[in-house]
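# Analysis of the macromolecular model
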Amino acid sequence: MVVYTGSRFEERALAIGARFQALPPEADLDDRKLDTCFPVRATLPPGPAQLSFDFEHFFLGQLPAQVRAPRALLAKFPADVVLGELGFWSIPVLSLSTAPEERPTLVTLGSSLC
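Below is a summary of the structure that appears in this document. Source: prediction; values computed, not measured. (Residues numbered from 1 in each chain as written. Predicted model: local features only at pLDDT ≥ 70, side-chain atom pairs only at ≥ 80, totals over all residues. Heavy atoms only, no water.)

Attention now moves to the overall build of the chain. On a plain count of helices and strands, the chain comes out with five helices and four strands. In sequence order, the secondary structure elements of the chain are arranged as β-α-β-α-α-α-β-α-β. Taken over the C-alpha atoms alone, the chain extends approximately 45 × 30 × 25 Å along its principal axes. Relative to its 114 residues, the chain shows a buried fraction of 29%. Contacts spanning at least 24 positions in sequence make up 45% of the contacts within the chain whose residues lie at least 6 apart. Taken as a whole, the chain presents about 7600 Å² of accessible surface, with 60% of it coming from carbon and sulfur. (Helix = DSSP H or I, 4+ residues; strand = E, 2+ residues; numbered from the N terminus. Buried < 20%, exposed > 50% of the residue type's maximum accessible area, 1.4 Å probe, protein only. Contact = heavy atoms within 4.5 Å. Areas by Shrake-Rupley, 256 points an atom, 1.4 Å probe, with all protein chains shown as cover.)

Before going further, it helps to spend a moment on the packing of helix H4 (residues 63-76) against helix H5 (residues 90-97). Where H4 contacts H5, the axes come no closer than 9 Å and their chain directions differ by 65 degrees. The two elements H4 and H5 cross, and the hand of that crossing is right-handed. Facing H4, whose interface residues are Leu63, Gln66, Val67, Pro70 and Arg71, H5 presents Ser90, Val93, Leu94 and Ser97. Residue composition of the contact of H4 with H5, grouped by class: five nonpolar, three polar and one charged. (Axes fitted to C-alpha atoms, helices over the stretch in contact; angles between N-to-C directions. Left-handed = near helix turned anticlockwise from the far one by under 90°. Nonpolar A, V, L, I, M, F, W, Y, C, P; charged D, E, K, R; others polar.)

Let us look at the layout of surface pockets. Estimated volume of the largest pocket: approximately 1500 Å³. For the largest pocket, the lining is made up of 45 residues, of which Tyr4, Thr5, Gly84, Glu85 and Phe88 are closest to its centre. Elements with a minimum of two residues in the lining of the largest pocket: strand S1 (2-5), helix H1 (10-15), helix H3 (48-59), H4, strand S3 (81-85) and H5. Tallied by class, the residues present in the lining of the largest pocket amount to 28 nonpolar, eleven polar and six charged. (1 Å grid on protein atoms, 1.4 Å probe; cavity = no way out; pocket = protein on both sides within 12 Å on 5 of 7 lines; lining within 4 Å. Points joined across faces, edges and corners; volume = space filled by probe spheres on them.)

The final tally for this structure, using the stated rule, is six aromatic pairs. An angle of 75 degrees between the planes, with centres 5.8 Å apart, marks the rings of Tyr4 and Phe88 as edge-to-face. Linking Tyr4 in strand S1 with Phe88 in the loop between S3 and H5, this pair joins segments that are 84 residues apart in sequence. When the centroid spacing of 5.7 Å and the interplanar angle of 75 degrees are considered together, the rings of Phe38 and Phe53 count as edge-to-face. Linking Phe38 in the loop between helix H2 (34-37) and H3 with Phe53 in helix H3, this pair joins segments that are 15 residues apart in sequence. Here the two residues Phe38 and Phe53 agree in accessibility, since each one is buried. Cluster of aromatic residues (ring-pair linked, three or more members): Phe55, Phe58, Phe59 and Trp89. (Phe/Tyr/Trp six-rings, centres within 6.5 Å; stacked < 30°, edge-to-face > 60°.)

Moving on: the pattern of salt bridges. Per the stated rule, a full pass over the model turns up six salt bridges. The salt bridge partner of Asp30 is Arg32, with a shortest N-O separation of 2.6 Å. Residue classification places Arg32 among the exposed residues on the basis of a relative accessible area of 56%. Connected via shared salt-bridge partners are Arg8, Asp30, Asp31 and Arg32. (Salt bridge = Lys/Arg side-chain N within 4 Å of Asp/Glu carboxyl O.)

Structure representation (structure tokens):
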């Protein structure tokens, strides 16, 4: 098993006996520190303005790097199943850009609180 996520989760992945692969540096952002990563975000009022910013810069803005790395990882470590968190949008991109017979089963898990 390989856990592919932000570097802040490395100890947790290793603690369960998994191999760890960090996101590429340009996409390895700490979600707890978005205002530090994106100073303009801190100037926006909470709510729709910050959410719109987050989608553009945190979720979608990191997508090219997040998709390149899993493809390279799958080439080195073929998998039968890839589990992804709801906010990790590279899973749907892999699904849409790779024929089912050429990729592992892709599963997205998560919940959304309103």
